[in-house]
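Single-letter residue listing:
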Amino acid sequence: MRPKLPLPAIMDALAHDGQPVEGIAIDGAQLKSIRRARKIGRPKLAKLSGISERQIAKIEGSCSPLLSQALLSNFSNVLQVPVPVLTGEADPVDFDLEPLAPKASKTCSCCG
């Protein structure tokens, strides 16, 4: 399980030299609507993205929260939508608003 990152670490990402890096603004309402359309609850998104459920709620409730590139990429991968859809630079297509197909379950120990 990934460690939970504190919200300040997410909102105020630091570069390797210790200088602040500008966060990337996303549309919190867009994140929430895509998450709901994908049938992914906050607990599951939190677990898969490495932050707490409360942090997800804060991000979804903000108008333009600033996120690190890493967290934005995590959300994009988990929700299977392009980053521009999360930032509001692109509109979601119909496929972005459909539930995710369930992953095949492992049936035996030899499959991984």
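Residues numbered from 1 in each chain as written. Predicted model: local features only at pLDDT ≥ 70, side-chain atom pairs only at ≥ 80, totals over all residues. Heavy atoms only, no water.

> Is there a simple way to think about the overall build of the chain in this case?
The helix and strand tally for the chain stands at six helices and two strands. Looking at the chain as a whole, 32% of its 112 residues are labelled buried. Of the contacts formed within the chain by residues at least 6 apart in sequence, a portion of 67% connects residues at least 24 apart. When the accessible surface of the chain is summed, it comes to about 7,100 Å², and 56% of that surface belongs to carbon and sulfur atoms. (Helix = DSSP H or I, 4+ residues; strand = E, 2+ residues; numbered from the N terminus. Buried < 20%, exposed > 50% of the residue type's maximum accessible area, 1.4 Å probe, protein only. Contact = heavy atoms within 4.5 Å. Areas by Shrake-Rupley, 256 points an atom, 1.4 Å probe, with all protein chains shown as cover.)

> Looking at this model, I keep getting lost on the packing of aromatic side chains. Mind explaining?
What characterises a pair of aromatic rings is the spacing of the ring centres plus the angle enclosed by the ring planes. In this structure the tally under the stated criterion is zero aromatic pairs. One residue, R38, lies across the ring of F95, its end atom 5.1 Å from the ring centre. (Phe/Tyr/Trp six-rings, centres within 6.5 Å; stacked < 30°, edge-to-face > 60°. Lys NZ or Arg CZ within 6 Å of the ring centre and 35° of its normal.)

> What's the story with the packing of helix α3 (residues 42-49) against helix α4 (residues 53-61) in this structure? I'm lost.
Helix-helix packing: each pair is described by the crossing angle between the helix axes and the interaxial distance. For the pair α3 and α4, the least separation of the axes is 8 Å and the interaxial angle reads 105°. Classified by the angle between their axes, α3 and α4 sit roughly perpendicular to one another. Counted together, R42, P43, L45, A46 and S49 of α3 and E53, I56, A57 and E60 of α4 form the full contact between these two elements. A breakdown of the residues in the contact of α3 with α4 according to their chemical character gives five nonpolar, one polar and three charged. (Axes fitted to C-alpha atoms, helices over the stretch in contact; angles between N-to-C directions. Parallel < 35°, antiparallel > 145°, perpendicular 65-115°, else oblique. Nonpolar A, V, L, I, M, F, W, Y, C, P; charged D, E, K, R; others polar.)

> What's the story with α3 in this structure? I'm lost.
Every α-helix winds through 3.6 residues per turn, so residues three or four apart in the chain are directed the same way. Among the residues of α3, L45, A46 and S49 are the ones counted as buried. The buried residues of α3 occupy one face: seen down the axis, they fall within an arc of 100°. Residues of α3 that are exposed and point more than 90 degrees away from the buried face comprise K44 and K47. Two residues or fewer past α3, G50 is found with a positive phi of approximately 90°. (Arc of directions from axis to C-beta.)

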